[in-house]
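If you want the building blocks of each chain, they are given just below.
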Amino acid sequence: MKKAALHNLGCKVNAYETEAMQQILENAGYEIVPFTEIADVYVINTCSVTNMADRKSRQMFHRAKKMNPDAIVVGAGCYVQTKEAQALVDESIDIVIGNNQKHELVTLLNEYEKEHTKQAQIVDINHEKQEYEELHLKKTAEHTRAFIKVQDGCNQFCSYCIIPFARGRVRSRKMEDVLNEIKGLAKSGYKEVVLTGIHLSSYGVDTGETLLSLIEHVHEIEGIERIRLGSLEPRIVTEDFAKRLSELTKICPHFHLSLQSGCDSVLKRMNRRYDTAEYEAGCDLLRKYFTHPAITTDVIVGFPGETEEEFKITEEYLKKIHFYEMHIFKYSVREGTKAAVMPDQVPEQKKTEEKTKTVDSEKEGKTETYGFEKEEKTETYGFENRAEKDAFEKPNENENVNVNENVNENGNENEKPKTITASTVVAAYHRLCPSFPAVKVISDKRKKAIHARLNSGYTLTDFEQAFTKAERSRFLRGGNKNNWQADFDWLMKDGNLPKVLEGKYDDDSGTDYGRGEEGRYDGTVL
């Protein structure tokens, strides 16, 4: 019997999807073993929320291949979706599976075993309409608690966040499917469910249903004794929401309301769609209808342009709200987001100092526990506890995590990869210049994200030498050799490349960019 091992990085949605992939493998006849053991297949469900998450994802690929060089290593999820180019040229990954495609796992494994060539299944999740990917659970790693994914995608586009690009637009699971899955788990002895999604508060915006209605239906399921909710958008907490929720006796009074900053000017730059007054009003409503609710939050420090005055405003606001617990994060630059190209980026040392101060503020403003236990994080897939998993994932400074992509001490990707393939540059160039004949050299699927490789410090020599003689001939059908320098110079000057990587370039000339001084990018959304 073939052996498979899975490792989960990231959020509760990832945890659900990892367990669903495990059951797919079990149904196909695989024996599941811990990730630290020798296996025939290693599946890493990746995360891309920060640079460190990217780094951990790459490290897991290489650890798996090192444990068994003959194993099939599968990279799935957010990292490979947003870093498709890197994943396709990373020799430690044999199969690349993007989001909304995890149900294809066994099919891709079978194809790999037949052909022994790299397999990839990544859809254009941002520009092609996607349906909700149906995955199902009959059991979970825990004995009594189950994470239930009810929603995928995000329409918010906070200026710092890569997740809308990794997950696509909001897609809600059919309420009937959610309820049937929970009923099945309840019959198997599960007592507690955690409803989770990429942007949980958006559940139903595409189907005409509401999160509150879903919760009320789950409350009626026999055998379920406790209901927990994933992270909520502050604006969902209205008088009606808080009142009706308080009437449901199975609801655990723990509410995670993402804040990110306690300063309105910073919230505006972040493109958060509420202000601090609205946020505080939501907390007040929860405290009005629940006795001592545990309100937790996330805070980002060191956001671009954050002044000392803005940071102090956040400090005072955090003390004022009296959170039960706060998760403090240093701002992490995510290539392709608006915040990545904002001026006045905060130095790493300053971020660290602000994080330390904020942690101290948390201790001052923390509320009492009032006799109930804090919910422990349970995304410990394949490990005895969170500490063991964290220790396993801790980056090894002496380990080369990727031969094609390196990061500096701050986790920022800024060093040139050691290798580059011709197809990568062809894809990059022609994704940006769609009218050229050589656009047909490779498929649309390969083109959609590979252009990001150009942002890794290449020189003009790299750009030219990446092509074979035949590929140069096809490339130059639409121009002449002098265009090489013009194209490359245009990409590298005046901040053009960051604008392109954001997904748009504001120009009204209507012609392709890069054809000398007259040419401009045609505005095609990438």
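As a starting point, this report considers the structure included with it. Keep in mind the model is a prediction, meaning the values are calculated, not measured.

1. Describing the overall build of the protein
Broken down by element type, the protein carries 20 helices and 13 strands. For the protein, buried positions account for 55% of its 526 residues. When the accessible surface of the protein is totalled, it reaches about 23,000 Å², and 48% of it is carbon and sulfur.

2. Concerning the sheet that holds strand β13 (residues 325-330)
The sheet built from 3 strands is open, its strands ordered β11-β12-β13 with parallel pairing. Edge strands, defined here as strands with exactly one partner in the open sheet, are β11 (254-256) and β13. Averaged over all neighbouring strand pairs, the angle between strand axes comes to 15°, with direction disregarded. In the sheet, strand β12 (residues 294-301) pairs with β13 via 6 bridges, with the strands oriented parallel. Bridge assignment links V301 to a residue of β13, and that residue is K330. Contacts from helix α11 (residues 276-289) reach β11 and β12, with the element oriented near 160° to β12.

3. Here's the deal with the environment of L105
By the secondary structure assignment, L105 is in helix α5 (residues 105-115). The sequence separation of L105 and Q121 amounts to 16 residues, and the corresponding C-alpha distance is 9.3 Å. Contact partners of L105, with chain neighbours within four places excluded, come to M21, L25, V43, V74 and I97.

4. A closer look at unusual backbone geometry
Note: most peptide bonds trans; most residues except glycine with negative phi. We note that N100 has phi near 70°; this positive angle belongs to a residue other than glycine. When you line up the elements, N100 lands in the loop between β5 (95-97) and α5. In this structure N100 comes out as buried when scored by relative accessible area, which is 5%. Its identity as a non-glycine residue notwithstanding, N271 has a phi of 65°, on the positive side. Inspection of the secondary structure puts N271 in the loop between α10 (264-270) and α11.

What counts, and where the lines are drawn
- Residues numbered from 1 in each chain as written.
- Predicted model: local features only at pLDDT ≥ 70, side-chain atom pairs only at ≥ 80, totals over all residues.
- Heavy atoms only, no water.
- Helix = DSSP H or I, 4+ residues; strand = E, 2+ residues; numbered from the N terminus.
- Buried < 20%, exposed > 50% of the residue type's maximum accessible area, 1.4 Å probe, protein only.
- Areas by Shrake-Rupley, 256 points an atom, 1.4 Å probe, with all protein chains shown as cover.
- Pairing = 2+ DSSP bridges.
- Axes fitted to C-alpha atoms, helices over the stretch in contact; angles between N-to-C directions.
- Contact = heavy atoms within 4.5 Å.

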